[in-house]
Amino acid sequence: MKKTPRPWRRILALGAAATMVGSLTTACGDGDDAANALGPDDILTITTFGDFGYADVIKGWNDDPDRPFKIKETRIAQWDTWKQTLTADLQAGTGLTDVVAVEGDAMPQFLSEAASEQFVDLTDSSLDDRWVEYKYQAGQTADGKQIGYPTDAGPEAFCYRADLFEQAGLPSDRDDVSKIFSTWDEYFATGQEFVKELPKTKWYDASGSIAQAMLNQVEFPFQSADNEIDVDNAGLKDVFTTVTDNVPTLSTRAVQWSDDWIANFTNDGFATMPCPGWMFANIKSSAPKVKGWDIADAFPGGGGNWGGSFLAVPKQSDHPKEAKQVANWLTDTEQEVGAFEKAGAYPANLAAQEELTSRGEVDPYFNDAPTAQILANRAKAVPPGVPYKGDKYSDILGLLQTAIQRVDEGGSADDSWKTFTQAVGRLN
Amino acid sequence: MAQDHDLPGRGRGNNAVLDRGGPPRRPKKPGPATTAGGHPTRRYRLSRWDLKASPYLYILPFFAVFAVIGLYPMLYIGYLSFFSWPRFGAEHGSSVGWENYVHVLQDPVFRKALVNTVGIFLLSSVPQVLVATVVAALLDTHLRGKSWWRMSVLLPFVVAPAATALIFGSLFADKSGFVNDVLGGIGLPDVSWHGHRLASWTAIATMVNWRWTGYNALILLAAMRAVPGDLYEAAAIDGASRVRQFLHVTVPSIRTTLMFVIITSTIGGLQIFTEPRLFDTNLQHQGGADYQYQTLAMYVFNTANSAVDPYPRAAAAAWLLFVLIIIFALVNFLLIRALQRRSA
């Protein structure tokens, strides 16, 4: 066969290439198509992190043939990982699910002027009385745009190992341990006694979690009311010094959520830990067979709120209306009660709180502790508006946790503090 | 003589294998290529045009794609690095001159990341190329089951880097890791693989070496296979030992390939990201709590997620990384050329 030049073939190939390039560019431009209505087989997507306890209620929705569409939940293991994806995709303007979960500490940065532009305004005056006031407002921008619907609140109790308390000769009954958890001084002093009796077990799970607990009682830890960064204040320094001083004796020195941290749940690595409602699920899944966990209805220094998240709808969603509807539905009473039963996330929804308290259910894992009642009591002890969370709260909190990790790894507290202030200085 | 071992297609002028500058292909029907007036026929002109233009058309798709996904982003971030861009903003703000570069260069974390990157690079690329050359030489001998050996050195390369990082992450775990168990078994103290700076570099470099040594060895092996056997015969007759043959025949013969391997592993080494990122135990992914093993690529990534002007500052850092890689590649190139001249 002779190889003769066949111009038409080349023209065809060129044409194909041109079409490909053309379709690439049109594919890029598809983003701002008009929102299509979702059919019964279409899927609305939502991303959560940790365990929001939505698995069962979402399954209930999907099993109901009358629902207009299906919901698919993606669960990311940790907030910090999800935060990076969320911020990157938000800025890129593409890649996010229709509903996204946002952690409470990071909410302020999404309320800033530029960021809130990227979210759908979820304002709905019929919902004004649905949530605890301070959580509801924490999801609003300065000019009153509702960016997030609150899911849960994080009133903190203290979880403890009653069996280890007994071995160390401490009172172990739920009502008798309250004194140990009355003030931070008392708490740390008891810890010193405890580790003398049981040298193989540390007093608390991680330096980071105690820092977080103490920090939640400082009024202005990182930024003043006008969002000026100020980390050289007595309150924050006190937290840092107290925590780092106790690193060698009381702390496991493990990083929260790390493999070592999880291992310590099952090998009697520690005896106490600050316990917001959502932590219950973490304890149960990390130590399903350990018996002896109990919950004290007390918290050193009064009370505190750790975490508690929001559901928001990014503007890049193709189905903002349906997404808003789902966010509304998921944060409604029945679903929040379901979420608490599944994962222990204590609802920010007032009616759900009331219902849980009136049911008065006990949790057999935690030695029949009346979990809802304890969290309701703890919620009352939370100082409103404390700590003040400015736009960079989440960033500086991350740097502080890193600074504490340096001391956990054997670094000097002074050097670590210097590195911390330097890094905070770079945030301007 | 030795010049002919070059890859086909990279023709040098007249000797080129695929030289297409010769006379035009035969037209379909035999006959005069020119019209009566002495002008070339249309077909002839088309054919000439085809010969001249076609090669460019064939490589055009690559350059078109490269321009879209390589060159354009690079130039655009270069442009972007001179602007401000508030976090989550939809569009970039006003021009700030060199401020982003100043910010990055003054950042102690950037400087630390620079040292880390160079450190990890030296601990990975240097042993990698040396070991790869030796492994290739061993594979070039008369082994039983050649294909099996060659396949197995490539195996680590097939494993996804994320999987590699997870496996080595648990091997090098500080408290429960296998490496520390072994060290403890022979009476040595535990090493803080994540806490100590040099130890963390070593752990990361080990992952990189494990993954890339076999790959480089295969490339070098291909070059070694092309060295003509009569050179070895001549050397053997002159009484050269196997080691001497390797040093004085093999290595000089494969130097172009060696240069390629060195430069690609330099580029790869300076861009290292996946391994340290997944090795990281710090929740904020700082590359260790004290930034012990934060690399420049991680710095760029983290900066793109930071609080103030995330994208422009990351863009500035990315360009600084680019310049650094160019400098390293140039130094490599000049060093190798100087060595070649000396040995020639």
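Residues numbered from 1 in each chain as written. Chains lettered and ligands numbered in written order. Predicted model: local features only at pLDDT ≥ 70, side-chain atom pairs only at ≥ 80, totals over all residues.

Trainee: Give a description of the overall build of chain A that names residues and reports values.
Mentor: Across its full length, chain A holds 19 helices and 9 strands. Along the three orthogonal principal directions, the C-alpha set of chain A runs to about 95 × 55 × 50 Å. Within chain A, the fraction of its 428 residues that count as buried is 46%. The contacts of chain A with a sequence gap of at least 6 include a subset with a gap of at least 24, amounting to 77%. (Helix = DSSP H or I, 4+ residues; strand = E, 2+ residues; numbered from the N terminus. Buried ≥ 20, exposed ≤ 12 C-beta atoms within 10 Å, placed from the backbone. Contact = placed C-beta atoms within 7 Å.)

Trainee: Just give me the short version of helix α15 (residues 333-343) of chain A, but keep the residues and values in it.
Mentor: Side chains of residues three or four places apart in an α-helix project in the same direction, reflecting 3.6 residues per turn. All names here are of chain A. Those residues of α15 that sit buried are Gln335, Glu336, Val337, Gly338, Ala339, Phe340 and Ala343. Tucked into the core, α15 has its buried residues touching α2 (55-63), α13 (279-286), α14 (320-330) and α16 (350-359). Among the residues trailing α15, Gly344 stands out with phi positive, at a value near 80°.

Trainee: Can you lay out the sheet that holds strand β3 (residues 99-103) of chain A for me, pointing to particular residues and giving the numbers?
Mentor: Residues and elements named next belong to chain A. Sheet architecture is open: 5 strands sit in the order β2-β1-β3-β9-β4, paired in mixed fashion. With one partner strand each, in any of the chains shown, β2 (70-76) and β4 (148-150) form the two edges of the open sheet. The average angle at which neighbouring strand axes cross in this sheet is 25°, direction not considered. Strand direction decides the pairing type here: strand β1 (residues 43-49) and β3, joined by 2 bridges, are parallel. Residue pairing in the sheet places Ile46 in a bridge with Val99 of β3. (Pairing = 2+ DSSP bridges. Axes fitted to C-alpha atoms, helices over the stretch in contact; angles between N-to-C directions.)

Trainee: Can you tell me about the nonpolar core, naming the residues and giving the values?
Mentor: Counting residues in hydrophobic clusters, the biggest one holds 109 residues, and the most contacted among them are A:Ala157, A:Phe158, A:Cys159 and A:Ala327. Tallying contributions element by element places helix α18 (residues 393-408) of chain A first for this core, with 8 residues. In this structure, A:Phe158 is in contact with A:Phe181, A:Thr272, A:Pro274, A:Cys275, A:Ala296, A:Ala298 and A:Phe299, ignoring residues within four places of it in sequence. Formed by 36 residues, the second largest nonpolar core is a distinct cluster that contains B:Phe110, B:Ile120, B:Leu123 and B:Phe279. (Core = buried A, V, L, I, M, F, W, Y, C linked by C-beta atoms within 7 Å.)

Trainee: Provide a residue-level description of the domain arrangement of chain A, including the pertinent values.
Mentor: Residues and elements named next belong to chain A. Per the domain assignment, the segments making up chain A are domain 1 (43-153 + 308-359) and domain 2 (156-302 + 385-425). Each of domain 1 and domain 2 has a C-alpha centre, and the two are 28 Å apart. Classifying every residue of the side of domain 1 that touches domain 2 gives 6 nonpolar, 5 polar and 3 charged. (Domains from an automatic or database assignment. Nonpolar A, V, L, I, M, F, W, Y, C, P; charged D, E, K, R; others polar.)

Trainee: Provide a residue-level description of the sheet that holds strand β6 (residues 202-204) of chain A, including the pertinent values.
Mentor: Residue and element names in this part refer to chain A. Here we have 4 strands laid out as an open sheet, ordered β6-β7-β5-β8, and mixed in their pairing. In this open sheet, the two strands that pair with only one neighbour each are β6 and β8 (293-296). Sheet twist, expressed as the average angle between the axes of neighbouring strands with direction ignored, equals 20°. Here strand β5 (residues 156-161) runs beside strand β7 (residues 270-276); their pairing, made up of 5 bridges, is antiparallel. Looking at the pairing, Tyr160 lines up with Thr272 of β7.

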